[in-house]
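# A closer look at the structure
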Amino acid sequence: MIQLSSLLNGAWHVGEGSAQQLVNPSTEAVIATCSTRGLDLGAAVRFAREVGGPALRALTFAQRGELLKAMARALHEAREELLDLSADNNGTTRGDGKFDIDGATGTLASYARLGATLGDKRFLLDGEAEKLGGGARYVGQHVLLPRPGVAVHINAFNFPGWGAFEKIAVALLSGVPVISKPATSTALTAWRMFQIIDSKGILPAGALSVLTGPVGDLLDHLGPQDLIAFTGSANTGAVLRASPAVVERGVRLTIEADSLNSAVLGPDVEEGSEVWHAALRNLRTDIVQKTGQKCTAVRRIMVPEALVPALTAALVEELERVVVGLPTDEGVGMGPVATANQLRDVRAGMALLSGEARVLTGGAAPLAGHGAPEGKGYFVRPTLLLAQPGASAVHDHEVFGPCATVIPYAGDAEAAAALVARGQGSLVSSVYGSDRDWLWSFLSGAAPWNGRVVVASDKVVDQVLPPGMVLPNQVHGGPGRAGGGEELGGLRGLSFYHNRVAIQGDKGELRKILGE
Ligand code: NAP
C-alpha cells in the first residue's frame with residue numbers, strides 16, 4: 001500500500017492518524033492512503049514565502065524558464081510510469097492519461113519558451129513611461145513586480161497532472177513559490193510527479209511544495225501578498241470567496257469552476273459536409289474523453305430544428321460504438337468516472353436532466369465495465385439527451401460526466417446566443433458554420449458569456465482543434481458561474497502573480513534604476 005506524503009519545509013512528511021483512502025475506480029481496490037493531520041502548515045507557508053520566494057526572484061525569466069524546461073524533461077522521462085498511475089487512480093485510458101500527463105509537460109515547455117523570450121529581466125514593464133508634469137522629466141511608468149508571497153494552488157480531481165502544472169508553470173516563471181494541493185481522491189499521479197521533480201534537485205528549496213490530502217488550516221496562514229488559484233466546484237469556490245483569508249486579509253483569489261459549455265450548429269451546416277463531420281468528431285470526443293470529466297467538455301448542443309434528427313442519429317451511432325470498461329484493456333474507449341461520489345453525482349444529474357429531456361442513448365442504469373471484476377467499478381454509459389421545449393435544468397446543472405443534451409432551436413443567431421447565455425458564463429463554446437453575418441450576430445451575443453469561442457468554419461475545419469483542449473497560449477477561464485477567473489494565455493497568465501505599480505519620478509533616473 002502506498003502512503004502518500006507531503007513536501008513541506010523542504011522535506012517529505014506523513015500526516016498523523018487515520019488516513020483517507022485512494023481507490024482504483026475500475027476495481028474499487030484501495031491503492032494508497034494519505035493524511036495531512038498534524039502537519040505544520042504555518043511553517044510550510046513561511047518557508048515557501050521566505051526561502052523559496054527570494055531564491056526564485058533572484059533568477060531572471062530565462063533562468064526560471066530553464067527550471068521549467070528541466071521539470072518538463074524529468075516528467076517526460078517518467079511518462080510510462082505516470083500513465084500507469086493515471087490509469088490506476090483516475091481510470092484513464094492511455095489516450096486520456098496522455099491528455100493529462102503530456103498536457104502538464106507541454107504547458108511547462110511552453111512557459112519555458114516564454115521565459116527564454118523574456119530573457120534577462122526579473123520583472124515586466126507595462127507600457128511606456130508617461131509624462132506627468134509640465135516638463136518632460138517627471139514621468140510615471142507602470143511596472144509589474146512579482147508578489148513577495150506564496151501561491152496556494154487547489155486543484156480538482158479530474159486533471160491531477162495538467163491541473164497542477166498549468167498553474168505551477170505560470171507561478172514559477174513569475175518568481176512566486178507554490179504550495180500545490182491536489183484533490184485527495186486522485187492525488188497519486190500528482191504526488192509521484194512532485195517526487196520525481198524533487199528527486200532531481202531541479203528547483204531551489206521552498207520553490208515548490210505539495211500538500212497531499214485535505215487542506216487543513218493552510219489558508220489561515222495566508223496574508224496580503226499571498227494568492228489562491230482554485231479549480232473545482234462552484235460550492236467550494238463560494239466557500240473560498242467568503243473565507244477570512246480573502247475577505248479580511250486580502251489574499252488574491254482566482255476561481256475556475258463549473259461550466260455548461262455549448263456547441264452550436266449554424267443553419268448553413270449541411271449534413272455530410274466537412275463542417276458537419278468536424279462537429280460530430282468534436283462532440284464525440286468531448287462526451288467520451290476523460291469520461292466527460294473535463295471542465296471544458298460540451299454539455300449543451302444547440303441544433304437547428306431541421307438538423308436534429310440527422311445529428312442525433314449520427315451521434316447516437318458514434319456513442320454506442322464506444323466500449324466502456326477497464327481502461328487498460330484493448331478496445332476500451334472509455335474508462336470509469338473517478339470516484340464513487342462522482343458515479344452517484346453523475347447518475348443523479350442524468351436523472352435530473354431526464355425529467356425534462358428524452359434519453360436517446362445511455363442513461364443512469366448500472367453498467368458492468370468490459371474486463372472489470374464482476375460488480376466492481378464506477379462505470380456509466382456515454383449519454384445523449386434531447387431536451388423538451390422549455391427545459392431549464394440543462395442550463396443550470398452541470399453533469400460532470402459523459403453526458404450532453406441536444407437543444408433544438410429555430411436557427412436564428414440571436415436565439416442560439418441567448419441559449420448559450422442561459423448557462424450564466426462558460427469556459428468555452430464552439431460554433432459550426434460559415435455564414436459571416438450569422439456568425440457575427442451569434443458572436444456578439446454569445447462571446448461575452450465565454451472565456452473562449454471556437455469558430456469552426458469551412459476555411460479552418462481541417463485544422464480546428466477540439467474545443468475541449470486548453471492551450472497554454474490561450475486564456476482559460478470564463479465569466480459568471482465558470483468562476484470569473486483567467487489562467488494561462490501566454491504572457492497574460494503572469495499578471496495574476498504580479499503587482500502592477502505606477503512608479504513616478506525622473507525619467508532618466510527611472511530608466512537607470514529599472515535597467516532599461
Ligand atoms: P471540489 O470538491 O470543489 O474540490 C476541488 C478542490 O478543493 C479539492 O482539492 C478539494 O480538496 C478542495 N477543497 C474542498 N473543500 C475545500 C475547502 N473548504 N477549502 C479549501 N479547499 C477545499 O471539486 P471537484 O469535485 O474536485 O472537481 C469537480 C468540479 O471542478 C466540477 O464541477 C468541474 O466543473 C470543476 N472543474 C473546473 C475546471 C476549470 O478549469 N474551470 C477544471 C476541472 C474541474 P479535497 O479533495 O481534499 O476535498
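Residues numbered from 1 in each chain as written. Predicted model: local features only at pLDDT ≥ 70, side-chain atom pairs only at ≥ 80, totals over all residues. Heavy atoms only, no water.

### Some words on the pattern of salt bridges
Cut-off, in case you're wondering: The term salt bridge refers to a pairing of a side-chain nitrogen on Lys or Arg with a carboxyl oxygen on Asp or Glu at a separation within 4 Å. Helix and strand assignments follow DSSP, with helices taken as H or I runs no shorter than four residues and strands as E runs no shorter than two, numbered in order from the N terminus. Between buried and exposed lies partly exposed: a residue is buried under 20% and exposed over 50% of the maximum accessible area for its type, with that area taken using a 1.4 Å probe on protein chains only.
Counted by the stated rule, this structure contains 15 salt bridges. Here Glu77 makes a salt bridge to Lys200, at a shortest N to O gap of 3.5 Å. Of this pair, Glu77 sits in helix α2 (residues 61-77) while Lys200 is found in the loop between α6 (187-199) and β10 (208-210), placing the two residues 123 residues apart along the sequence. Glu77 gets classed as exposed once you look at its relative accessible area, which sits at 58%. Exposure remark for Lys200: the relative accessible area of 48% places this residue in the partly exposed category.

### Some details on the environment of Val178
To keep things clear, this is the line we draw: Here, two residues are considered to be in contact whenever any of their heavy atoms come within 4.5 Å of each other.
Among the secondary structure elements, Val178 is positioned in strand β9 (residues 178-181). Take Val178: its relative accessible area is 0%, and that puts it in the buried class. Separated by 28 residues in sequence, Val178 and Gly206 have C-alpha atoms that sit 8.1 Å apart. What Val178 contacts, discounting residues up to four positions off in sequence, is Val150, Ala151, His153, Ile168, Ala171, Leu172, Ala207, Leu208 and Ser209.

### Regarding the pairing of strand β7 (residues 138-146)
Which entries qualify depends on this criterion: For two strands to pair, DSSP has to find at least two bridges joining them.
As paired strands, strand β6 (residues 124-131) and β7 are joined by 5 bridges and run antiparallel to one another. The partner of Leu125 across the bridge, within β7, is Val143. Between the antiparallel neighbours β6 and β7 lie 6 residues. Relative to strand β22 (residues 498-506), β7 is paired through 9 bridges, and the arrangement is antiparallel. The partner of Pro146 across the bridge, within β22, is His498.

### Digging into the site of the ligand
Put simply, the rule reads: The near set for a molecule or strand comprises every residue that places at least one heavy atom within 4 Å of it. Polar contacts, as counted here, are pairs of nitrogen or oxygen atoms within 3.5 Å of one another; within protein the pair requires one atom able to donate a hydrogen and one able to accept it, and residues that are adjacent in sequence qualify only if both atoms are side-chain atoms. Areas reported here follow the Shrake-Rupley algorithm with a probe of radius 1.4 Å; residue values treat only the protein chains shown as occluding.
Around the ligand sit 26 residues, and of these Asn155, Thr184, Ser233, Thr236 and His476 come closest. Between Phe157 and the ligand, the recorded distance is 3.2 Å, taken from a backbone N or O atom to an oxygen atom. Within the complex, 79% of the 910 Å² of free accessible area of the ligand lies under protein. Secondary-structure elements contributing two or more residues to the shell around the ligand are β11 (227-231) and α7 (234-241). Here the shell around the ligand gets 3 residues from one element, more than from any other, and that element is α7.

### Focus on a negative patch on the surface
Short version of the rule: Like charges are joined within 9 Å and nonpolar side chains (Val, Leu, Ile, Met, Phe, Trp, Tyr) within 5 Å, but only among residues with over 30% relative accessible area and no salt bridge; these make up the patches. Residues counted as positive are Lys and Arg, residues counted as negative are Asp and Glu, and His and the chain ends are not counted. Charged groups are reduced to one reference atom each: NZ for lysine, CZ for arginine, CG for aspartic acid, CD for glutamic acid.
Together, Asp268, Glu270, Glu274, Asp435, Asp437, Asp458 and Asp462 make up a region of like negative charge exposed at the surface. Here Glu274 is to be found in helix α9 (residues 274-288).

### Re the pairing of strand β4 (residues 20-23)
In terms of strand pairing, β4 meets strand β5 (residues 30-34) through 4 bridges, oriented antiparallel. Residue pairing in the sheet places Val23 in a bridge with Val30 of β5. Linking two consecutive strands that pair antiparallel, namely β4 and β5, is a turn of 6 residues; a positive phi of about 65° is found at Glu28 within it.

### Digging into the side chain of Gln293
As for its placement among the helices and strands, Gln293 is situated in the loop between α9 and β14 (298-304). When sequence neighbours within four positions are dropped, the list of residues in contact with Gln293 reads Phe157, Asn158, Phe159, Pro336, Val337, Ala338, Gln342 and Phe400.

### Remarks on the environment of Asp100
Summarising the element assignment, Asp100 is placed in helix α4 (residues 94-118). Assessed through its relative accessible area of 1%, Asp100 is described here as buried. Measuring from C-alpha to C-alpha, the distance between Asp100 and Gly163 comes to 7.9 Å, with 63 residues separating the pair along the chain. Aside from chain neighbours lying at most four places away, what touches Asp100 is Phe159, Pro160, Gly161, Trp162 and Gly163.

### Topic: the domain arrangement of the chain
Convention followed: Note: domain ranges come from an automatic or database domain assignment. In short, buried area is how much 1.4 Å probe accessible area vanishes from two parts on joining, totalled over both.
According to the domain assignment, the chain consists of domain 1 (2-257 + 485-513) and domain 2 (261-473). Each of domain 1 and domain 2 was reduced to a C-alpha centroid, and the two centroids are 31 Å apart. For the pair domain 1 and domain 2, the two sides together bury roughly 2300 Å², of which 63% comes from carbon and sulfur. Counting across the interface, domain 1 meets domain 2 through 0 salt bridges. Take the side of domain 1 that touches domain 2: its biggest share by element is 6 residues, from α4.

### Remarks on the packing of helix α5 (residues 162-174) against α6
Short version of the rule: Simply put, an axis is a line fit to the C-alpha atoms, just over the touching stretch for a helix, and the angle between two N-to-C directions goes from 0 to 180 degrees. For classification, angles of less than 35 degrees are called roughly parallel, those exceeding 145 degrees roughly antiparallel, those between 65 and 115 degrees roughly perpendicular, and all remaining angles oblique. Less than a right angle of anticlockwise turn of the near helix away from the far helix marks a crossing as left-handed, whereas a clockwise turn marks it as right-handed.
Following both chains from N to C, one finds α5 and α6 inclined at 40°, their axes separated by 10 Å at the closest point. The pairing of α5 with α6 is recorded here as oblique in orientation. The two elements α5 and α6 meet at a crossing, and its hand is right-handed. Contacts between α5 and α6 involve Ala164, Phe165 and Ile168 from the former and Met193, Phe194 and Ile197 from the latter.

### Brief notes about the nonpolar core
Counted only if it meets this: Here the nonpolar core consists of buried residues drawn from Ala, Val, Leu, Ile, Met, Phe, Trp, Tyr and Cys, with membership extended through side-chain atoms lying within 4.5 Å.
Ranked by internal contacts, the top residues of the largest apolar core, which has 61 residues, are Met71 and Phe165. Looking at this core, the elements that each hand over two or more residues are β5, α2, α3 (79-90), α4, α5, α6, β10 and β11. Per element, the largest residue contribution to this core is 9 residues, and it comes from α5. Residues within four places of Met71 in sequence aside, it is in contact with Leu108, Phe165, Ile168, Leu172, Ile197, Ile202, Leu203 and Leu208. The next biggest cluster of nonpolar side chains, apart from the first, holds 33 residues, and it includes Ala279, Leu280, Val288 and Val461.

### A short note on the packing of aromatic side chains
Defined as follows: Between rings of Phe, Tyr and Trp, where Trp is taken as its six-membered ring, a pair exists when centres lie within 6.5 Å; planes separated by under 30 degrees are stacked, by over 60 edge-to-face, and by other angles tilted. Two conditions define a charge located above a ring, namely a distance within 6 Å from the ring centre to NZ of Lys or CZ of Arg, and an angle within 35 degrees of the ring normal.
Counting across every chain of the model gives 6 aromatic pairs. Ring centres of Phe159 and Trp162 lie 5.4 Å apart, and the angle between their planes is 70°; this geometry places the pair in the edge-to-face category. Accessibility assignment for this pair places Phe159 and Trp162 in one class, buried. Between Phe496 and Tyr497, the aromatic rings sit 5.0 Å apart at their centres with planes inclined by 85°, giving edge-to-face as the arrangement. Grouping residues by exposure puts Phe496 and Tyr497 together as buried. Connected via pairs of aromatic rings, a cluster forms that spans Phe99, Phe159 and Trp162. Taking NZ or CZ as reference, Lys290 lies 4.0 Å from the ring centre of Phe159, over its face.

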